[in-house]
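What follows is each chain in one-letter form.
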Amino acid sequence: MALIPPFFLDCVVGIGIINNSKKQWIGTGFLYGNYIEKNTEGQNLYEVFLVTNKHVINDLSKIILRFNPQEDSPAKDYELSLNDQNRFGHPNPKIDVAIIPINTNLLKSEGMKFQFFNSDIHTFNKKPIN
């Protein structure tokens with residue numbers, strides 16, 4: 001039996017909404033980091049996105065994202081407003097994929113436990129596969 005590496009689990013985010021003053025969990029997504037460049041210290045810099053399905057976030061103006069802390073504490077929820085400037089769906093209506101940029105600075109400053117799949121390490125395009 002194959003085990004899922006803990007790193008993979010730390011990339012997953014719960015997605016919820018407030019419905020009649022109650023939290024309702026409606027889906028999940030995963031974090032993906034698109035490589036930008038190296039900083040002056042030689043560290044790779046990434047822009048991070050939440051990748052989910054369009055049908056999960058369609059017609060929503062606000063969602064809640066749940067993250068786990070580094071320490072043994074309860075999970076923490078973060079409210080995220082959605083608009084046409086920060087929500088991108090695949091242009092083909094048959095492809096049910098959407099991305100939302102995520103600012104990870106707040107998550108880091110509050111000690112949240114998260115990882116993301118790195119575009120330069122964890123993914124392939126057609127060229128390396130052939």
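What counts and what doesn't
- Residues numbered from 1 in each chain as written.
- Predicted model: local features only at pLDDT ≥ 70, side-chain atom pairs only at ≥ 80, totals over all residues.
- Heavy atoms only, no water.
- Salt bridge = Lys/Arg side-chain N within 4 Å of Asp/Glu carboxyl O.
- Helix = DSSP H or I, 4+ residues; strand = E, 2+ residues; numbered from the N terminus.
- Buried < 20%, exposed > 50% of the residue type's maximum accessible area, 1.4 Å probe, protein only.
- Core = buried A, V, L, I, M, F, W, Y, C linked by side-chain atoms within 4.5 Å.
- Polar contact = N/O pair within 3.5 Å; in protein donor to acceptor, adjacent residues only side chain to side chain.

Next up on the list: the pattern of salt bridges. The full count for this structure, using the stated rule, is 4 salt bridges. With a closest N to O distance of 2.7 Å, Asp-77 and Arg-66 form a salt bridge. Residue Asp-77 is located in strand E5 (residues 76–81), and its partner Arg-66 is located in strand E4 (residues 62–69); the two are separated by 11 residues in the primary sequence. Overall, Arg-66 belongs to the partly exposed group, its relative accessible area being 33%. Its salt-bridge partner being Glu-110, residue Lys-76 comes within 2.6 Å of it at the nearest N-O pair. With Lys-76 in strand E5 and Glu-110 in the loop between helix H3 (104–109) and strand E8 (112–113), this residue pair connects regions lying 34 residues apart in the sequence. With a relative accessible area of 33%, Glu-110 lands in the partly exposed category. By sharing partners, the salt bridges in this structure join Lys-23, Arg-66 and Asp-77 into a single network.

In summary, soluble globular proteins display a tendency toward joint burial of nonpolar side chains. Counting residues in each nonpolar core, the largest one holds 21 residues, and the members touching the most others are Leu-31, Leu-50, Ile-63, Leu-65, Phe-67 and Ile-102. Listing elements by their share of this core, those giving two or more residues are strand E1 (12–19), strand E3 (44–52), helix H2 (54–57), E4, E5 and strand E7 (98–102).

Moving on, we get to the environment of Asn-103. Structurally, Asn-103 can be placed in the loop between E7 and H3. Asn-103 gets classed as exposed once you look at its relative accessible area, which sits at 56%. Between the C-alpha atom of Asn-103 and that of Val-48, which follows or precedes it by 55 residues, the distance is 7.0 Å. There is a polar contact of 2.9 Å between the side chain of Asn-103 and the backbone nitrogen of Asn-105.

Bear in mind that shape data such as this cannot, by itself, settle questions of function.
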